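Structural characterization, general
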Amino acid sequence: MKVVLFCGGYGMRMRNGSSDDVPKPMAMVGPRPLIWHVMRYYAHFGHKEFVLCLGYGAHHIKDFFLNYEETTSNDFVLRGGRTELLSTDIADWTITFAQTGIESPIGERLRRVRHHLDGDEMFLANYADVLTDAPLPEMIANFARRDAGASMMVVPPQSSFHCVDLGEDGLVGGITAVSDMPLWENGGYFVLRQEVFDHIPENGDLVADGCAQLAKQGRLVAHQHRGFWKPTDTVKERAALDDAYTRGDRPWAVWERAGATAGAGAGA
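Residues numbered from 1 in each chain as written. Predicted model: local features only at pLDDT ≥ 70, side-chain atom pairs only at ≥ 80, totals over all residues. Heavy atoms only, no water.

The name given to the protein chain in an unreviewed UniProt entry is Glucose-1-phosphate cytidylyltransferase, with the source organism recorded as Streptomyces asoensis.

Here it is in structure tokens:
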């Protein structure tokens, strides 16, 4: 299945200054940028056809792949001055680089790459800056069995704050951690059918317009995931992931697990 990745936003909370034009998906986690980790996740499950929705800082993403160094994350032999790779990352990937505008909302970016999907009944989509160990084959299989237009992975609230239950007299009746409340957040991993395009207007949003309209019609399903899931919206969150990578604590790197297999439902 094709994978659409939204990687054209400004990522203001990730920037170090006004002169920093590196888009958020290019923030480094270990020796590779976020977008590489997301793409390796999909490729592990057999989905190696990518459509990148570019916008702000697009040249950074283009340059990274045009000048890709396989030796950074693969073993190799240097023999007679020539490099012999023992494995590769992206040799069997197909990547379409599509400029979708600087100010475009997510839904509009998706609309602008529709012709790259070749009319495929189902395709995958994501924000290119969220890491997870979610069972993708299970997510796809569950959606394929349903009569729905879209599936959205949802996760428990990530906030460390607490909600306070107040009575009319101002007395506190209880305190509950947001993460313990019966709430779910959009986790950013989508499985979509072409039907979603019927509900995204020009300059519309994928979630607020497309998914919201499908939900009203009872055609949006959720895949609940309580495992590892980490967004990377701030410098602090990126640094935490980078530190975890250095320690060897990287549950999102499903391709590194001993005996890891793609599992069922991983058709390319």
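By the definition in use, this model includes 18 salt bridges. Residue Glu49 is joined to Lys2 by a salt bridge in which the shortest nitrogen-to-oxygen separation is 3.9 Å. With a gap of 47 residues between them, Glu49 in strand 4 (residues 49-54) and Lys2 in strand 1 (residues 2-7) connect regions that are remote in the sequence. When its relative accessible area of 31% is taken as the criterion, Glu49 is described as partly exposed. Residue class for Lys2 comes out buried when judged on its relative accessible area of 9%. (Salt bridge = Lys/Arg side-chain N within 4 Å of Asp/Glu carboxyl O. Helix = DSSP H or I, 4+ residues; strand = E, 2+ residues; numbered from the N terminus. Buried < 20%, exposed > 50% of the residue type's maximum accessible area, 1.4 Å probe, protein only.)

Moving on to the nonpolar core. One finds Leu5, Ile35, Tyr41, Tyr42, Leu52, Phe65 and Trp252 to be the most contacted residues of the largest nonpolar core, which totals 50 residues. By residue number, the principal contributor to this core is helix 1 (residues 34-44), which donates eight residues. When neighbours within four sequence positions are excluded, Leu52 is seen to be in contact with Leu5, Cys7, Ile35, Met39, Ile61, Phe65, Ile95, Thr96, Phe97 and Ala98. Grouped together as the second largest cluster of nonpolar side chains are 21 residues, Val113, Phe123, Ile200 and Leu206 included. (Core = buried A, V, L, I, M, F, W, Y, C linked by side-chain atoms within 4.5 Å. Contact = heavy atoms within 4.5 Å.)

Right, let's talk about the sheet that holds strand 4 for a bit. Reading across from one edge, 7-4-1-8-13-10-14 is the order of the seven strands in this open sheet, with mixed pairing throughout. The two strands at the open ends of the sheet, each matched to only one other strand, are strand 7 (94-99) and strand 14 (220-224). For this sheet, the mean angle separating the axes of adjacent strands, direction not counted, is 25 degrees. Direction of pairing for strand 1 relative to strand 4: parallel, over a ladder of six bridges. By the bridge assignment for strand 4, Leu5 is matched with Leu52. Along the sheet, helix 5 (residues 206-216) makes contact with strand 1, strand 10 (150-155), strand 13 (185-193) and strand 14, crossing strand 13 at roughly 70 degrees. (Pairing = 2+ DSSP bridges. Axes fitted to C-alpha atoms, helices over the stretch in contact; angles between N-to-C directions.)

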